[in-house]
Amino acid sequence: MTRELRSFTLHVELDVDGVLAVVGPSGAGKSTLLRLIAGLDAPSRGRIECDGDLWFGDGRDLPPERRRCGFVFQDYALFPHMTVRQNVAYGADGTDIDPLLDRVGIRHLAAARPPRLSGGERQRVALARALALQPQALLLDEPLSALDPATRGAVAAELAAVLRDAAVPAIVVTHAYDEAVSLAGRVAVIEQGRVVQEGTPRELLEAPLTSFVAEFAGTNYLPGTASGGQVHLDRGGSVRIAGDASGRVAVLVAPWEITLSLAPVDDSAQNHIAGAIERVVPMGNRVRVTIDGIAAEITPESAERLALQPGVRVIASWKATSTRILATG
Amino acid sequence: MVVVGTPLAYLLATRSFPSRSLVMTAVELPLVLPPAVAGIGLLMAFGRRGLLGHQLALAGISIPFTRLAVVMAMTFVASPLYIRQAVSAFEAVDGTLLEASRTLGAGSGRTFRRVALPLAGSGLGAGMALGWARAVGEFGATIIFAGSLTGVTRTAPIEIYLGLSDNLDAGLATAAVLIAASGGVLLTVKLLGVGRARRFTPL
């Protein structure tokens, strides 16, 4: 389907079966995509079908209330004047919602009103409310972004289980790679209104087609020009690669393939980049260190032993064999 | 006023259409008109020699100087206050909630009744109080369009005015009643507003 936006045109073709994560920079058209599918906005051209039902196209534009398309809004949009039970029952059409309240673990909150709930509880109410509709499809707009990082992991796991049980096609807009991995089997990347890459999270990590995808998946993406076993990087310097290549390429290095040292070491690694540390970000069982735009991931123990902190000069090294090359034409 | 004005205000608040500002201006016109002009206007429209007076007379209906005339005059001058207040009350309702209602299978009518109306409730209440106060205080349009027939179209402000010349005590008594009634309405609206705010915001 196609829809003109302020500065570009959203043009997307997606076939969703199971859970699809949609990612992209802000303003890429992700939320608009969901609104078009739900019927809250109309595409200028195109076709939307769900399970054989035509929702949009051929002169037909089904209003949102007749699409049975569950929508979990980014800020959850719970009705503040209703209790949790009334919220969930709103679209349930008289069916018993108690099993659903149990399923998402909010039965004890049934009489509470949304303003008193925590972020995680609201998220569950919004999810239960969308499921009570017995939807033909589910749309979730950044369902975890309103939560604090501490609860996000647990809620993501629950959400993944609920989505699996619901067994309807679902689209989850997210901006975090780990969320996409835990929630969805496939990921579509939208930039400037177009799907630039679609695949499993692993495919995105191993062969990112754009610098955004690489950054999103957390791998290093260094564009340059290859000749023989060398790539001259656009940012300056060169990188040795295993094998031959030529023309415009992107050098891909996974952050965990990069080692850091305080002084030059004589080992088998052929690639060394020296620079001052820009950022040190702890990420659970590893620490992500950025040197001159290149991300390395090491264990917290190593980071502590080397006393790494912003401003410290280090040498980042990796083997030519851990470098992958992507032709960019 | 409320029955017609509320859905009109909802449409004005949630839809954008080319003639929106035109409709809005028409709605607000009585607000800037001097009441005497409003009274003359109503008389010219519905009076015996007015635009519609002949047709009404044929149908056996005579509006001026009846209770209906009082109601019409009051509605004419008071409804803009209510509608303006109602429009801003509906505009203050988070549009995402209305959209959420739609995705949950509720058509626009049900969305209006179950989401927009309850959430705009306190604003609508305030608008009704404003409109009521303006209607009770109405003088100019009423006396021109409805006159001052004892027990039929003599409203409280007219009673007070006449009291000045022939029965000051009656005028003062009427004024006292109005003070009590108006104060009571204002207090009720404020209390309702506080109760609502307390229910909807986290403590």
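These figures come from a predicted structure and were not determined experimentally. (Residues numbered from 1 in each chain as written. Chains lettered and ligands numbered in written order. Predicted model: local features only at pLDDT ≥ 70, side-chain atom pairs only at ≥ 80, totals over all residues.)

S.K.: So what exactly am I meant to see when it comes to the overall build of chain A here?
M.R.: When its secondary structure is counted, chain A shows nine helices and 19 strands. In terms of overall dimensions, chain A has a C-alpha envelope of 75 × 45 × 30 Å along the principal axes. Looking at chain A as a whole, 40% of its 329 residues are labelled buried. For chain A, the share of sequence-separated contacts (at least 6 apart) that also reach a separation of at least 24 residues comes to 64%. (Helix = DSSP H or I, 4+ residues; strand = E, 2+ residues; numbered from the N terminus. Buried ≥ 20, exposed ≤ 12 C-beta atoms within 10 Å, placed from the backbone. Contact = placed C-beta atoms within 7 Å.)

S.K.: Explain the overall build of chain B to me, please; I cannot follow it from the model alone.
M.R.: When you go through chain B residue by residue, the secondary structure sums to 10 helices and zero strands. Structurally, chain B occupies a C-alpha span of about 60 × 45 × 30 Å along its principal axes. The long-range share in chain B, meaning contacts at least 24 apart out of those at least 6 apart in sequence, stands at 69%.

S.K.: Help me out: how do you make sense of the interface of chain A and chain B in this one?
M.R.: Frequently, the measure chosen for interface size is the accessible area removed from exposure when the parts meet. Each side of the interface is counted separately: chain A has 19 residues, and chain B has 16 residues. Classifying every residue of the side of chain A that touches chain B by side-chain character gives 12 nonpolar, two polar and five charged. (Nonpolar A, V, L, I, M, F, W, Y, C, P; charged D, E, K, R; others polar.)

S.K.: It is not clear to me how the sheet that holds strand 5 (residues 53-57) of chain A should be interpreted in this structure. Could you clarify?
M.R.: By definition, the strands of a sheet pair up through backbone hydrogen bonds, in either a parallel or an antiparallel sense. The strand order 4-5-6 (chain A) describes an open sheet built from three strands, whose pairing is antiparallel. Whereas interior strands pair on both sides, the edge strands pair on one side only; in this sheet they are strand 4 (48-50) and strand 6 (60-61) of chain A. (Pairing = 2+ DSSP bridges.)

S.K.: I keep staring at the packing of helix 6 (residues 95-103) of chain B against helix 7 (residues 108-137) of chain B and nothing clicks. Help me out?
M.R.: Two quantities define a packed helix pair, namely the angle between the axes and the distance from one axis to the other. Residue and element names in this part refer to chain B. Where helix 6 meets helix 7, the closest approach of the two axes is 10 Å, and the angle between their N-to-C directions is 140°. For the element pair helix 6 / helix 7, the angle class is oblique. The handedness of the crossing between helix 6 and helix 7 comes out as right-handed. Here Leu97, Leu98, Ser101 and Arg102 of helix 6 come into contact with helix 7, specifically with Thr111, Arg114, Val115 and Ala116. Tallied by class, residues from the contact of helix 6 with helix 7 come to four nonpolar, two polar and two charged. (Axes fitted to C-alpha atoms, helices over the stretch in contact; angles between N-to-C directions. Parallel < 35°, antiparallel > 145°, perpendicular 65-115°, else oblique. Left-handed = near helix turned anticlockwise from the far one by under 90°.)

S.K.: I tried to follow the packing of helix 5 (residues 67-91) of chain B against helix 7 of chain B on my own but got confused; where do I start?
M.R.: Residues and elements named next belong to chain B. For the pair helix 5 and helix 7, the least separation of the axes is 8 Å and the interaxial angle reads 155°. With respect to helix 7, the element helix 5 is oriented roughly antiparallel. Between helix 5 and helix 7 lies a crossing of right-handed hand. Each of Met74, Val77, Ala78, Ser79, Leu81, Tyr82, Gln85, Ala86, Ser88, Ala89 and Phe90 in helix 5 lies in contact with helix 7, whose residues at this interface are Ala116, Ala120, Gly123, Leu124, Ala126, Gly127, Met128, Leu130, Gly131, Arg134 and Ala135. For the contact of helix 5 with helix 7, a count of residues per class yields 15 nonpolar, six polar and one charged.

S.K.: In this structure, what is going on with helix 7 of chain B? I would like to understand it.
M.R.: Residues lying three or four places apart along an α-helix face the same way, a consequence of the helix completing one turn every 3.6 residues. Compared with the 44 Å implied by 1.5 Å per residue over 30 residues, the 37 Å span of helix 7 of chain B between its first and last C-alpha is markedly short. The largest bend in helix 7 of chain B comes to about 60°, at B:Gly121. (Expected span 1.5 Å × (residues − 1). Bend = angle between axes of the 7 residues up to and from the residue.)

S.K.: So what exactly am I meant to see when it comes to the domain arrangement of chain A here?
M.R.: Domains assigned within chain A are domain 1 (2-215) and domain 2 (224-327). Relative to domain 2 of chain A, the C-alpha centre of domain 1 of chain A lies at a distance of 37 Å. (Domains from an automatic or database assignment.)

S.K.: What is the right way to look at the sheet that holds strand 17 (residues 294-298) of chain A in this model?
M.R.: Residues and elements named next belong to chain A. Here we have five strands laid out as an open sheet, ordered 14-18-15-16-17, and antiparallel in their pairing. The sheet is open, and its two borders are formed by strand 14 (259-261) and strand 17, each paired with just one other strand. Ignoring which end each strand starts from, the neighbouring axes of this sheet average 45° apart. Bridge count for strand 16 (residues 286-291) against strand 17 is five bridges, and the pairing is antiparallel. Along strand 17, the bridge assignment pairs threonine 290 with alanine 295.

S.K.: Explain unusual backbone geometry here, please?
M.R.: Residue and element names in this part refer to chain A. With a phi angle near 50°, glutamine 134 is a residue other than glycine that sits in the positive phi range. By the element assignment, glutamine 134 lies in the loop between helix 4 (119-131) and strand 8 (137-141). Judged by the 16 C-beta atoms lying within 10 Å of it, glutamine 134 is partly exposed. Even without being a glycine, alanine 307 presents a positive backbone phi close to 50°. Tracing the backbone through its elements, the reader meets alanine 307 in the loop between helix 9 (300-305) and strand 18 (313-318).

S.K.: Would you take a moment to explain the nonpolar core for this structure?
M.R.: Of all hydrophobic cores here, the largest spans 136 residues; its most connected members are A:Ala128, A:Leu139 and B:Ala73. Element by element, the count of residues in this core is highest for helix 5 of chain B, at 15 residues. Shared between two domains, this core takes at least three residues from each, and those domains are domain 1 (2-215) and domain 2 (224-327) of chain A. Not counting chain neighbours up to four residues away, the residues in contact with A:Leu139 comprise A:Leu34, A:Ile37, A:Ala38, A:Cys69, A:Gly70, A:Phe71 and A:Ile171. (Core = buried A, V, L, I, M, F, W, Y, C linked by C-beta atoms within 7 Å.)

S.K.: Explain the confidence of the model for chain B to me, please; I cannot follow it from the model alone.
M.R.: A low pLDDT means the predicted coordinates there should not be read in detail. Per-residue pLDDT for chain B averages 81, and the proportion of residues at 70 or more is 94%. Across chain B, element-level confidence peaks in helix 6 of chain B with a mean pLDDT of 93 and bottoms out in helix 4 (residues 53-58) of chain B with 75. (pLDDT = per-residue confidence, 0-100.)

S.K.: I'm lost on the pairing of strand 18 of chain A in this one. Help?
M.R.: Successive residues of a regular strand alternate their side chains across the two faces of the sheet. Relative to strand 18 of chain A, strand 14 of chain A runs antiparallel, the two sharing three bridges. Looking at strand 18 of chain A, one finds that A:Thr259 is bridged to A:Ser317.

S.K.: In this structure, what is going on with the environment of A:Ala217? I would like to understand it.
M.R.: Residue and element names in this part refer to chain A. Its place among the elements puts alanine 217 in helix 8 (residues 211-217). Distance in space between the C-alpha atoms of alanine 217 and leucine 40 is 31 Å, their sequence separation being 177 residues. Beyond its immediate chain neighbours, meaning those up to four positions away, alanine 217 contacts Tyr177, Leu204, Leu205 and Pro208.

S.K.: Looking at this structure, how should I read the environment of A:Gly39?
M.R.: Residue and element names in this part refer to chain A. Positionally, glycine 39 belongs in the loop between helix 1 (30-38) and strand 4. What makes glycine 39 buried here is the crowd of 22 C-beta atoms within 10 Å. Spatially, the C-alpha atoms of glycine 39 and phenylalanine 56 are 8.4 Å apart, while their sequence positions differ by 17 residues. If we skip the residues at most four places from it in the chain, glycine 39 touches Trp55, Leu62, Pro63, Pro64 and Arg67.

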